[in-house]
Amino acid sequence: MNTGKQLAGLLLLTTALSLPGSLLAQEASPPDEQDGVTNPEASQPDDFQDEGEQFEDPDISIPGAGIVVTGRRNRDVTRSSAQVISVLSSEEIARTGEGDIAGALGRTTGLSVVGNGNVFVRGLGDRYSLALLNGLPLPSPQPLSRVVPLDIFPTNIVASSLVQKSYSANFPGEFGGGVINLTTRAVPDESFVKISFGVSGDTETTFSNGLDYYGSDYDWSGFDDGTRDVPPALQAFFDSGRRIGDLSTAEQGDIVKQLGNPNLVVLQKVDDVRPNFSGGITAGTAFDVGADGRLGLIATASLSNKLRTKVITSQNPFTTDLQLDRDSRNFVTDNRILANAMFGVGLELGEHKFRWTNLFIRDTLKQSGLEFSELLLDGDSLITQNTGWYERQLIDTQLVGELEFGDLSLDLRGGYAQTQREAPYEYEFVYVRTNQDNQDTGDIFINVLDRQRGSASVAFSALKEDLYYLGADVSYPIADWLTATVGYAYTDTSRESERREFLIDGDNIPPGVGALRPDLLLGDAIIEFFGIGLSEPTQTDPAFQADLRINAGYAKVNVVPTFGVNLDLGVRYEDASQSVQTVSRFENPFVSLATTALDNDYFLPGATLTWEVTDSVQLRGSVSKTIARPQFRELIFQPYTDPENQRQYIGNPALQDSELFNAEARAEYYFGRGNRVSVAGFYKEIDNPIEPYVSIGADTSFTTRFANAPKAELFGGEFEFQWTKPLFDWGAGGWLESKQMLVVANYTYTQSELKVRAGDTTRIFTAGVGAIENDATLFFNDGDPLTGQSDHLVNMQFGVEDQDKLQQFTFLVNYASERVTRRGTAGVPDIVEEPGFTLDFVARQELTLFKQPLELKFEVRNIFGRGNFEFQQVDENRIEINSYDVGTSFSLSISAEF
């Protein structure tokens, strides 16, 4: 182990504890906050409560965990929690102006958003994070992740978001970077109706050229009208259990004839892309039930339809010093439609509370792409047309009961959730020009159906994941200074994944025919005359079944040995069975080796000590042991292409669990009303971390695969500052008299290293052979950082707000340094992303029109037009992997509440 790195990690931890000495010399004034949001007009009481008294924030739902206050009564949940947490209230979410919760969380200390809504905590990938809804787990509609992508959750359904970075036994053991708990909107105290509407656009897309294909009549809503149903001839083939080679050419041709719907394959140029639009409605009411009961109802629904055009530069090398083989420009227009609805029922009967929440989210991507490529070694030119329709859907229902029997508290939880992903008719047509005269005709040769040159393919894929969850917790104060909690949790997750891809084959296709547009190329006459048929490259392992069952029990105690000191100590036992196996779709199935069976159990302890040194200064320290299991997609030996970035992935059935040791020290200083500063140091050691790496095919294309590295270490520090100041205190008058200045800043420094020594091995699955031990140094370099980890993360907010009415003007700054997205192998450099610096502006204003109060919101995102840069580099030689201009976006929305 590198002693220099160990020393640096320890110095960061001890630095976090050195702050209070200087802070104690300053005059302390008590904070006064409500629900985690600064309330500058409230009085500042100096009352106390008994040690160990619990306070539950009504907008935060955490399984089996009350917020334990060790001193002064304090409604600042961040301060009063027995763990290290960050809370985004509905007001703080609104201030960021973000449309989805992933974007809002990206403003939180130590959090970054990578790719399609994947939230990284302290530089650790999404596999090391855990997402909960009202304290219950969620399945994922993403093939690449078992963690639900948070960009599908619009902010209008989320009341608050809690990020806990120190582990406690009431949470699942898959807790590497932290847990993100989303709490849906609570039942209202009185009746209301709120409607909203917005328009937006960006400088790269709106009123500029774009691409589209017709699709179906209802595409604007994110729902298909049946046009994309599997055609009858292909469905009959699926049902038969036969292989495509068992069919005659004529039978194959009958299937191809039903695959050439012009509405799905003909790309059209759009001269002036329209602006985006969104709208929503939320309503709620509450009324008394019986003598001591209260029943509340809340419902919300919204729809957004957004367009985005990207011109992506993508290059492929053929040597380790990045000499180019392929240079491409891909013109892509994405139409993303997000529809959601929520219905909640809340019932209070005396001291008992019940909550039933139902959530529906449908996230649809309609994609149109046209790529122009030059093959520099062969001298060929390529035109590739892609059309796709990707549906992600989440249905979730959950019931929670909080029962109070004197000092005994009983929490009961149960839920069912299902996610689906459907991707019918993924078309790709590749036209090849050899740029050489044909010896017979002298014509330039263009062909799409002869796979010796071009290609045409169509794929159908589907994913369904079901999750059942049950849990119970019992808490009892054994003494004034000791509260004990025990609990049990059961989760059963089952995923079915299937992908069938077909190559449309033809031999000796004349150049004039091969150059036809797709709908004419797949016309009945051409299919019959040239005997066009099909082949299926996915027939070896087209379908997989994946399961994960976890039985868990835990016990923890909260000890207050003296006033101002709190120890939260617990241990969790988890017994898990995880499996992945192929599912036969044929009468004569192949024998597959691509299976996984993991049966492991763990004891996972965690402890957090909090010391309230003074009324203003608080110290924390925590240690824990947690795990990270392979995600289903990482285990499934089946190709998958991500439509967001066109990366191809394939899993490794030989992956093993990762085990983590976590330690943290933290100092917090609270001053004034809602003002605070904190500094923290953290350290993590990971055995068998799962890392993505890149393999290069014979055609120089990249495929991302996964393997266990031997070990990794991560350490770093965090700094957070929040300060508000009424301008009246500086003598401001007039318009500024009621205003206050807001400054929020956080910075995270992270360093990570893979530990790879001579003799270390990693298990790699090879088709037809199975799992083989390989030299780990062929895949990982000692000292390389973990994928997805930026050394530096900075978030800042500068704003002016009115204290008497809704009027906010906020600038938001975000910076993330370079991070590795995929690991290079065999001497090929890593693929690196450079997020860089972005500046946003958000304004919110209260208006009155015809005596009706309205809220107007105006946003400008990426003011300086920072692009997306993903590249490989050796010395001064750099090639672009997924780089494009992002542009500046503008949005205007209005809402009214009745």
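Residues numbered from 1 in each chain as written. Predicted model: local features only at pLDDT ≥ 70, side-chain atom pairs only at ≥ 80, totals over all residues. Heavy atoms only, no water.

Enquirer: I keep staring at the overall build of the protein and nothing clicks. Help me out?
Expert: Each helix and strand counted, the protein has 12 helices and 47 strands in total. For the protein, buried positions account for 58% of its 898 residues. Sequence separation of 24 or more characterises 72% of the internal contacts of the protein that already satisfy a separation of 6 or more. (Helix = DSSP H or I, 4+ residues; strand = E, 2+ residues; numbered from the N terminus. Buried < 20%, exposed > 50% of the residue type's maximum accessible area, 1.4 Å probe, protein only. Contact = heavy atoms within 4.5 Å.)

Enquirer: Where do I start with helix α7 (residues 249-257) in this structure?
Expert: An α-helical turn contains 3.6 residues, so any two residues separated by three or four positions project in the same direction. Taken as a whole, α7 has its buried residues at Q252, G253, I255 and V256. End-on view of α7: buried residues confined to an arc of 155°, all on one side of the axis. Those residues of α7 hidden inside the fold are in contact with α6 (232-240), β23 (482-505), α11 (524-530) and β24 (533-535). (Arc of directions from axis to C-beta.)

Enquirer: It is not clear to me how the side chain of S658 should be interpreted in this structure. Could you clarify?
Expert: In this fold, S658 is placed in strand β31 (residues 658-671). There is a polar contact of 2.5 Å between the side chain of S658 and the backbone oxygen of N688. Setting aside residues up to four positions removed in sequence, S658 forms contacts with Y128, T626, I627, A628, I686, D687, N688, P689, I690 and N708. (Polar contact = N/O pair within 3.5 Å; in protein donor to acceptor, adjacent residues only side chain to side chain.)

Enquirer: Can you help me understand the pairing of strand β28 (residues 617-628) in this one?
Expert: In summary, the side chains of a regular strand alternate between the two faces of the sheet. Burial within β28 is extensive, with 9 of its 12 residues counted as buried. Strand direction decides the pairing type here: strand β27 (residues 596-612) and β28, joined by 7 bridges, are antiparallel. Bridge pairing in β28 links L609 to G621. By the bridge criterion, 12 bridges tie β28 to β31 in an arrangement that is antiparallel. (Pairing = 2+ DSSP bridges.)

Enquirer: Just checking my understanding: could you explain the sheet that holds strand β29 (residues 640-641) for this structure?
Expert: Strand pairing in a sheet relies on backbone hydrogen bonds, with the paired strands running either antiparallel or parallel. The sheet built from 4 strands is open, its strands ordered β29-β30-β34-β33 with mixed pairing. Each edge of the sheet is formed by a strand with only one pairing partner; in this case those strands are β29 and β33 (690-696).

Enquirer: Help me understand unusual backbone geometry, please; the structure alone is not making it clear to me.
Expert: Excluding glycine, a negative phi dihedral is what most residues carry, and trans is how most peptide bonds are arranged. Unusually for a residue other than glycine, F207 sits at a positive phi of about 65°. As for its placement among the helices and strands, F207 is situated in the loop between β12 (192-202) and β13 (210-212). The phi dihedral of D875 falls on the positive side, at around 55°, and the residue is not glycine. With respect to the secondary-structure elements, D875 resides in the loop between β45 (870-874) and β46 (877-880).

Enquirer: Can you walk me through the environment of D782 in this structure?
Expert: Here D782 shows up in the loop between β38 (770-775) and β39 (792-802). Here D782 falls in the exposed class, since its relative accessible area comes to 51%. Residues D782 and E753 lie 29 residues apart in sequence; the distance between their C-alpha atoms is 7.3 Å. Apart from residues lying up to four places away in sequence, D782 is in contact with L754, K755 and V756. A distance of 3.0 Å separates the side chain of D782 from the backbone nitrogen of V756, its partner in a polar contact.

Enquirer: For this particular structure, what's the right way to read the pairing of β45?
Expert: Bridging between strand β42 (residues 831-833) and β45 involves 2 bridges; their strand directions are antiparallel. Residue pairing for β45: E833 is matched across the bridge by E870. Looking at chain direction, β45 and β46 are connected through 4 bridges and run antiparallel. Looking across to β46, one finds that Q873 is bridged to R878. Taking the residues between adjacent antiparallel strands as the criterion, β45 and β46 are bridged by 2 residues, where D875 takes a positive phi near 55°.

Enquirer: Looking at this structure, how should I read the nonpolar core?
Expert: When a protein is soluble and globular, its nonpolar side chains tend to lie buried together. Formed by 30 residues in total, the largest nonpolar core has its most connected members in L234, F237, I255, L259, Y427 and F502. Secondary structure elements with two or more residues in this core: α6, α7, α8 (262-265), β20 (408-437), β22 (455-479), β23 and α11. Other than its neighbours up to four places away in sequence, Y427 contacts L259, G260, L264, V265, Q385, N386, T387, S457 and V458. Core analysis: the next-biggest nonpolar cluster, separate from the first, contains 21 residues, L88, A131, L150 and L394 among them. (Core = buried A, V, L, I, M, F, W, Y, C linked by side-chain atoms within 4.5 Å.)

Enquirer: Even after reading the chapter, I still don't get α6, so can you show me in this structure?
Expert: Within α6, the full set of buried residues consists of L234, F237 and F238. Taken end-on, α6 shows its buried residues confined to a sector of 100°, consistent with a single buried face. Away from the buried face of α6 by more than 90 degrees, exposed residues P232 and D239 are located. On its buried side, α6 packs onto α7, β22 and β23. Positive backbone phi, at 80°, marks G241, one or two positions downstream of α6.

Enquirer: Explanation requested: the sheet that holds β45 in the structure shown.
Expert: Taken together, 4 strands build an open sheet; the order of strands is β41-β42-β45-β46 and the sheet is antiparallel. This sheet does not close on itself; its edge strands, each paired only once, are β41 (819-822) and β46. Shown here is a sheet whose adjacent strand axes are inclined to one another by a mean of 40°, direction ignored. (Axes fitted to C-alpha atoms, helices over the stretch in contact; angles between N-to-C directions.)

Enquirer: Got a minute to help me understand the environment of N588 in this structure?
Expert: Among the structural elements, N588 can be located in the loop between β26 (565-582) and β27. In this structure N588 comes out as partly exposed when scored by relative accessible area, which is 41%. Along the sequence, N588 and R242 sit 346 residues apart, while their C-alpha atoms lie 8.1 Å from each other.

Enquirer: I tried to follow the pattern of salt bridges on my own but got confused; where do I start?
Expert: Between side chains of opposite charge, pairing is possible as soon as their charged atoms come close. Tallied over the full model, the rule gives 50 salt bridges. Between E498 and R585 there is a salt bridge, and its shortest N-O distance comes to 3.1 Å. Taken together, the residues span a long stretch of sequence, with E498 in strand β23 and R585 in the loop between β26 and β27 at a distance of 87 residues. Between E668 and R620 there is a salt bridge, with the nearest N and O atoms lying 2.8 Å from each other. Taken as a pair, E668 in strand β31 and R620 in strand β28 lie far apart in primary sequence, 48 residues in all. Residue class for E668 comes out buried when judged on its relative accessible area of 5%. Among the residues examined, R620 registers a relative accessible area of 3% and is labelled buried. One connected set of salt bridges, linked through shared partners, spans K165, R620, E664, R666, E668, R676, E718 and E720. (Salt bridge = Lys/Arg side-chain N within 4 Å of Asp/Glu carboxyl O.)

Enquirer: Is there a simple way to think about a negative patch on the surface in this case?
Expert: Residues D189, E190, E348 and E897 make up a contiguous surface patch of negative charge. One can find E897 in strand β47 (residues 889-897). (Patch = residues over 30% accessible without salt bridge, like charges linked within 9 Å, V, L, I, M, F, W, Y side chains within 5 Å. Areas by Shrake-Rupley, 256 points an atom, 1.4 Å probe, with all protein chains shown as cover. Lys, Arg positive; Asp, Glu negative; His and termini not counted. Charge placed at Lys NZ, Arg CZ, Asp CG, Glu CD.)

Enquirer: What's the story with the environment of D830 in this structure? I'm lost.
Expert: Within the fold, D830 resides in the loop between β41 and β42. In this structure, the C-alpha to C-alpha distance between D830 and T787, residues 43 residues apart in sequence, is 9.4 Å. Reaching out from D830, the side chain makes a polar contact with the side chain of R823 at a distance of 3.2 Å. One polar contact links the side chain of D830 to the main-chain amide nitrogen of G824, over a distance of 2.9 Å.

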